[in-house]
Amino acid sequence: MTTNWQHPLTLPNGATLKNRIMMAPMTTYSSEINGDVSDQELAYYARRAKSGIGAVITACAYVQPQGAGFIYSIGAESDDRLPSLKRLASAIKDNGSTAILQIFHAGRQSNSKVLNGGTPVSASAVAYPRDGAETPRELTADEVEETIRAFGEATRRAIEAGFDGVEIHGANTYLIHQFFSPHSNRRTDKWGEDRSAFPLAVVAEVKRVAKELAPSNFIIGYRFSPEENTDPGFTIEEKLALIDKLADENLDYLHISLGEFFDQSYTDETGTPRIARFAEIIAGRTPLVGVGSLNTKSEIDQAAASGYAELFAIGRPIVTDPEWYPKLVEGKEDLLLTEIDPTNQDALDIPDALWEKILNVTGWFPVKQPTEKY
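Predicted model only: the values in this text are computed from it and were never measured. (Residues numbered from 1 in each chain as written. Predicted model: local features only at pLDDT ≥ 70, side-chain atom pairs only at ≥ 80, totals over all residues. Heavy atoms only, no water.)

S.K.: For this particular structure, what's the right way to read the pattern of salt bridges?
M.R.: As a working rule, side chains carrying opposite charge can pair if their charged atoms are close by. Applying the stated criterion across every chain yields a total of 28 salt bridges. A salt bridge links Arg285 to Asp248; the nearest nitrogen and oxygen atoms lie 3.0 Å apart. With Arg285 in the loop between α8 (274-282) and β13 (288-291) and Asp248 in the loop between α7 (236-246) and β12 (253-256), this pair connects stretches of sequence that are 37 residues apart. We classify Asp248 as exposed; its relative accessible area is 53%. Note that Asp321 and Lys327 form a salt bridge whose closest N and O atoms lie 2.8 Å from each other. Per residue, the accessibility class of Asp321 equals that of Lys327, and both read buried. Beyond isolated ion pairs, a larger network of salt bridges with shared partners links Asp79, Glu153, Arg156, Arg157 and Glu160. (Salt bridge = Lys/Arg side-chain N within 4 Å of Asp/Glu carboxyl O. Helix = DSSP H or I, 4+ residues; strand = E, 2+ residues; numbered from the N terminus. Buried < 20%, exposed > 50% of the residue type's maximum accessible area, 1.4 Å probe, protein only.)

Shown next, in the form of structure tokens:
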């Protein structure tokens, strides 16, 4: 069934998004050293919320000090962050968009530099397979329970700060993903015998806190990676089984993490897009968020026409052009900014640290090259 991405969508809990476009969660590297949101970040989010998109999902906010994955990232680990989180929620909501705080724990994807000399933690003491990765310390059983409660506490702070919802970050090799992975989870206790136990426990805790403290239309989403390209790694079939369970958890959406909307599996030779397989298993029980190289109206129309997703997360296009959404809707696609102009930072409201990353990380964003003069 074709989805009209400009139309509102009412989520399972009764909350209504004014359209089907969400700003994808993207790290800004621009918070204060203590985890407070910076003035530059507030301007960045406010500008994009003002453009008319249905929802803004923030960059990941760590739920424990040892869960920080980057220096200068958003903190949701302490009540000391409440004033900061309130400013962030207001910057988004006051500009007309639904505000969703993404909550996460980096696990073994952190390092001792980020953790001020501390050792990163994970399901097991197995380093990520890349050069220079640090070997994490295995969480004790009590610490696993504490971490689950920390996701609940971060949810409480999101509620008190005025966010409309939270997105649980279960993707992209961070801690929840690590507990589901046979590469990083070698435990022999209940958290290893059933690798879906930790993701499901985090979801249960977030739901418990929201039911107790939040309005009935508080949004709970869950982001996931469809499979894992490590040896050993979880298969798409294993993740389909987990998502089948999560689709019965009365979540408000599931958010697949893809590089390309129509990406195919590493192992499937049938040509079936991965998102199609997850849409089939979800079977309409909750909305699915699609993502991945949706830059133009025709690309979004094609994704919507597939019927695989009800919502569409947009990343780099909204960073590159804060007015991306109204230009598409108003038929002004010829005016879209499709490259970053290195002289145009202030006009785009992009924080300094994110700007430096954009200009210096090859291939991350299209950057306009200076015209040579003869």
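Still more ground to cover, so stick around.
S.K.: It is not clear to me how helix α9 (residues 297-306) should be interpreted in this structure. Could you clarify?
M.R.: One full turn of an α-helix is made of 3.6 residues, so residues set three or four places apart face in the same direction. Within the sequence span of α9, burial applies to Ile300, Ala303 and Ala304. Along the axis of α9, the buried residues cluster in a sector spanning 100 degrees; they form a single face. Summarising the geometry of α9, the exposed residues directed more than 90 degrees from the buried face are Ser298 and Gln302. On the buried face of α9, the contacting elements are β3 (21-23), β14 (311-314) and α11 (324-329). Note on α9: the residue one or two positions beyond its end, Gly307, has a positive phi of about 75 degrees. (Arc of directions from axis to C-beta. Contact = heavy atoms within 4.5 Å.)

S.K.: Would you take a moment to explain the pairing of β13 for this structure?
M.R.: Consecutive side chains along a regular strand alternate between the two faces of the sheet. Here β13 shows no split at all, with Leu288 and Gly290 on one side and Val289 and Val291 on the other all buried. In the sheet, β12 pairs with β13 via 2 bridges, with the strands oriented parallel. Residue His255 lies in a different strand from β13, and its bridge partner there is Val289. Read as a crossover between parallel neighbours, the route from β12 over α8 to β13 is right-handed. Where β13 meets β14, 3 bridges bridge the pair, whose relative direction is parallel. What sits directly across from Val289, in β14, is Leu311. In this fold, β13 hands off to α9, which returns the chain to β14; that crossover is right-handed. (Pairing = 2+ DSSP bridges. Right-handed = clockwise from strand over helix to strand, strands pointing away.)

S.K.: Where do I start with the layout of surface pockets in this structure?
M.R.: In this approach a probe as big as a water molecule rolls over the atoms, and the regions it shows empty are the leftover space. The calculated volume of the largest pocket comes to roughly 1000 Å³. Lining the largest pocket are 36 residues, with Ala24, Met26, Gly315, Arg316 and Trp364 positioned closest to its centre. Looking at the lining of the largest pocket, the elements that each hand over two or more residues are β14 and α10 (316-320). Considering only residue class, the lining of the largest pocket consists of 20 nonpolar, 13 polar and 3 charged. (1 Å grid on protein atoms, 1.4 Å probe; cavity = no way out; pocket = protein on both sides within 12 Å on 5 of 7 lines; lining within 4 Å. Points joined across faces, edges and corners; volume = space filled by probe spheres on them. Nonpolar A, V, L, I, M, F, W, Y, C, P; charged D, E, K, R; others polar.)

S.K.: Is there a simple way to think about the packing of helix α2 (residues 82-93) against helix α3 (residues 141-161) in this case?
M.R.: Any two packed helices are characterised by the angle at which their axes cross and by the distance between the axes. Close contact between α2 and α3 brings their axes to 8 Å; oriented N to C, the two are set at 55 degrees. Taken together, the axes of α2 and α3 lie oblique to each other. Note that α2 runs across α3; the crossing there is right-handed. Along its contact with α2, which presents Leu82, Leu85, Lys86 and Ala89, the element α3 presents Arg157, Glu160 and Ala161. Here the residues of the contact of α2 with α3 sort into 4 nonpolar, no polar and 3 charged. (Axes fitted to C-alpha atoms, helices over the stretch in contact; angles between N-to-C directions. Parallel < 35°, antiparallel > 145°, perpendicular 65-115°, else oblique. Left-handed = near helix turned anticlockwise from the far one by under 90°.)

S.K.: Would you explain α3 in this entry?
M.R.: With 21 residues, α3 should cover 30 Å at 1.5 Å per step; its first-to-last C-alpha distance of 31 Å lies within 8% of that length. One or two positions beyond α3, positive phi appears at Gly162, with a value near 100 degrees. (Expected span 1.5 Å × (residues − 1).)

S.K.: How do you make sense of empty space enclosed by the protein when you look at a structure like this?
M.R.: Summed over the entire model, instances satisfying the criterion amount to 1 cavity of 30 Å³ or more. Looking at the largest cavity, its volume works out to about 30 Å³. Surrounding the largest cavity, Thr27, Thr28, Tyr29, Ser31, Glu41, Ala59, Cys60, Phe70, Tyr72, Ser73 and Ile74 form its lining. A class-by-class count of the residues in the lining of the largest cavity yields 6 nonpolar, 4 polar and 1 charged.

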